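What follows is each chain in one-letter form.
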Amino acid sequence: MSVIADTPTTAPARGMNALGDLSAHLLSVLENNGADMSQLGVPPQPEPEDGLWEDVAVPQARARRNMWRNSIVDAAHDDYLAFRFDHLDEAQKPKTLERWLDSLVEAKKLDARPEVLNMILPGNIGSGKTAAAISLGNEAAERGLWTLFVKHATYLTWRRPDSAPHNMKAWEVRKRFVECDLLVLDELCGEMDLTATEFARKETIDLIDARIAAGRATAYTTNLRSRRQPGSQAMGVVDILGERLLSRLESSAHLAKIVGPDRRKPARPLDW
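Remember, predicted model here, so these are calculated numbers, not experimental data. (Residues numbered from 1 in each chain as written. Predicted model: local features only at pLDDT ≥ 70, side-chain atom pairs only at ≥ 80, totals over all residues. Heavy atoms only, no water.)

A. Highlighting the sheet that holds strand β2 (residues 147-151). Spatially, the five strands line up as an open sheet ordered β2-β3-β4-β1-β5, and their pairing is parallel. Since the sheet does not close on itself, it has two edges, and those belong to β2 and β5 (253-255), each with one partner. Along the sheet, successive strands turn relative to each other by an average axial angle of 15°, direction set aside. For strand β3 (residues 182-186) and strand β4 (residues 217-222), the ladder comprises four bridges, and the chain directions are parallel. When the bridges of β4 are listed, Leu-183 appears paired with Thr-218. (Pairing = 2+ DSSP bridges. Helix = DSSP H or I, 4+ residues; strand = E, 2+ residues; numbered from the N terminus. Axes fitted to C-alpha atoms, helices over the stretch in contact; angles between N-to-C directions.)

So this is what it looks like as structure tokens:
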């Protein structure tokens, strides 16, 4: 007597998957090439909840938000990532920053040059400039602008050979910080108030000039005055960057001076 095993009459074709097992990548390819996904039995995807502009791809916008976050982490300012305009006090000019950001978003939608290209946030050490500037960046990144943060001195270091993080080349550093929609350049001319090398001047002028020429917005914080004060040995920004560039920067800028006591100073002096 022969024994016949129970076997299916037909075997599935090799390499074929059920439609529900199609990869997300393949579904994306089909959708981008005009396939009617409903006819393929794929349910419609929910609308994004990011509140982004209609003409910005959600994955790209999320990637830009991550770039902003990474730039803050690189600067060791992680604690500021939760800050928004609502966290600022009146001395930090939240309404002024919010109105400026509104104008930048509107200009981006229209593919136009912002009317006010630069925001200058001068103030004493510890007055809250960086917190205000990062709050601006947090809000801008949430609204879809490609926003980056970098300290001026850090940018200069990264522009030197083999000094940039994440295996970036020096030219990639310049490209990234020139091309972003909004750059928060913290501590402009910091540590340069007594001496400034030719390299520092050249790189600073190149960065600022390139962003102005391209019509890209920049927010600057600085502890320095615009010009040397009588009786002081400390340089002003004009002594470092030159009158021509400072004039260009100021010609399309809003000044939001942040005045207040040092927020980092202890309530009572420490006895050392």
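Read on, since the account is not over.
B. Here's a closer look at helix α4 (residues 129-142). When the terminal C-alpha atoms of α4 are compared, their 20 Å separation across 14 residues agrees well with the 20 Å that a helix rising 1.5 Å per residue should span. Looking one or two residues beyond α4, the residue adopting positive phi is Gly-144, at roughly 100°. (Expected span 1.5 Å × (residues − 1).)

C. Region of the structure containing the packing of aromatic side chains. In this structure the tally under the stated criterion is four aromatic pairs. Arranged with centres 5.3 Å apart and planes meeting at 85°, the rings of Tyr-80 and Phe-83 form a pair that is edge-to-face. On the basis of relative accessibility, which here comes to 22%, the residue Tyr-80 falls in the partly exposed class. The class for Phe-83 is partly exposed, based on a relative accessible area of 26%. Chaining the aromatic ring pairs together yields one cluster made of Tyr-155, Trp-158 and Phe-177. In this structure, Arg-160 is placed above the aromatic ring of Phe-199, and the distance from its NZ or CZ to the ring centre is 4.0 Å. (Phe/Tyr/Trp six-rings, centres within 6.5 Å; stacked < 30°, edge-to-face > 60°. Buried < 20%, exposed > 50% of the residue type's maximum accessible area, 1.4 Å probe, protein only. Lys NZ or Arg CZ within 6 Å of the ring centre and 35° of its normal.)

D. Summary view of unusual backbone geometry. At Ala-76, a position not held by glycine, the phi torsion is positive, near 60°. Among the secondary structure elements, Ala-76 is positioned in the loop between α2 (58-74) and α3 (94-109). Using a relative accessible area of 60% as the deciding quantity, one classes Ala-76 as exposed. Phi is positive for His-166, close to 55°, though the residue is something other than glycine. Looking at the element boundaries, His-166 is found in the loop between α5 (152-158) and α6 (170-179).

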